[in-house]
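In case you want the letters, here they are:
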Amino acid sequence: MALLEDPEHNEWRALSRMVPSFAGLRVLEIGCGDGRVTGLYANSAASVIAIDPKTESIDALRAEWPAVDARAVGIEGLDLPAHSIDVAIFSWSL
Amino acid sequence: MVDALRRARGLVAPTGCVIDLHPTSAAALILVGDAIGGPVDTGGAKGRHQAATDAVAAAVRDRLFTVDDTTEFDFSVYGDTLDELQQHIHDDWCEGHIGDVTFAKAQALLRASPGRRPRVRERVVINRLFPTFPTFAPPTPALTQT
């Protein structure tokens, strides 16, 4: 066996309490890492932009979730139109 | 951190929200089953986690957001061995390690509970923040009449 992260699904339950459905939502995830949290909602959101300054993390996320717009950048360098996101997630990154 | 929240507020639609997930400043623990081996030595992480909590409070105080909902949960990572957890903490955490005392106690717990897997448990807070925008009340007749 390998490492097992949150097999109790507590993180998913907590996120679902905050956002009961990601359907139709434009999501920005800040500090996505290799996409552990991204994977909780990526298949149901309308669009996902996932950012992290670590290139190797973004490469790993792209490999796992090719439909996600993954960018190796911090929020301070992110170029997006104002008010173009429905949900912004700080993923253990504040 | 408040700057990052301010930037996020500018990107989120007025009807949207910001979700913040971050560990609390409570000690991360090594456990075997529900038995506690001891805390993980996390160096300066406790201060960073508290700073994240403080940043959310400051953003609310500055009227950038209101906190609409908040809750906490346990986040555990299980390994086959303590060495595997030690490597995970080394690789994935900004800083931290399982100190000798915690390691030895957890080893003893594992010997007493064959088949159990050790885990590291963090306490995590999640907040849903709604952006606030200035509201302009219509002028009252008393102020507009000359």
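First things first, this report covers the structure right here in the doc. For every chain, the first residue of its written sequence is number 1, and the numbers climb from 1 along that sequence. Each chain takes a letter, starting from A, and each ligand takes a number, starting from 1, following the order in which they are written. Totals for whole chains, interfaces and linings use all residues, but because this is a predicted model, local features are given only for residues with pLDDT of at least 70 and pairs of side-chain atoms are given and counted only at 80 or more. The basis for the side-chain values is all heavy atoms of the structure; hydrogens and waters are excluded.

## Observations concerning the overall build of chain A
Helix and strand content of chain A: three helices and five strands. Taken from the N to the C terminus, the helices and strands of chain A come in the order β-α-β-α-β-α-β-β. Against the 2.2 N^0.38 benchmark of 12 Å for 94 residues, chain A shows a C-alpha radius of gyration of 13 Å, consistent with a compact globule. Taken along its principal axes, the extent of the C-alpha atoms in chain A is 40 × 30 × 25 Å. Residue exposure (1.4 Å probe, protein chains only): buried if accessible area is under 20% of the type maximum, exposed if over 50%, otherwise partly exposed. Taken across its 94 residues, chain A has 48% of its residues classed as buried. When checking whether two residues touch, look at their non-hydrogen atoms; a contact exists if any pair is within 4.5 Å. Long-range pairs, those at least 24 residues apart, make up 43% of the contacts in chain A with a sequence separation of at least 6. Comment: elements are numbered from the N terminus, with helices defined as DSSP H or I runs of at least four residues and strands as E runs of at least two. Only C-alpha atoms enter the radius of gyration; for comparison, a globular chain is expected to reach 2.2 Å times N to the power 0.38, where N is the number of residues.

## Re the pattern of salt bridges
A carboxyl oxygen of Asp or Glu within 4 Å of a side-chain nitrogen of Lys or Arg is what we treat as a salt bridge. Summed over the entire model, instances satisfying the criterion amount to eleven salt bridges over all chains. A salt bridge links Asp59(A) to Arg62(A); the shortest N-O distance between them is 3.5 Å. Pair noted here: Asp59(A) and Arg62(A) are both in helix α3 (residues 55-64), with a separation of three residues, about one helical turn. Its salt-bridge partner being Glu95(B), residue Arg48(B) comes within 2.9 Å of it at the nearest N-O pair. Taken as a pair, Arg48(B) in helix α2 (residues 45-61) and Glu95(B) in the loop between α3 (82-92) and α4 (100-112) lie far apart in primary sequence, 47 residues in all. For Arg48(B), a relative accessible area of 32% corresponds to the partly exposed category.

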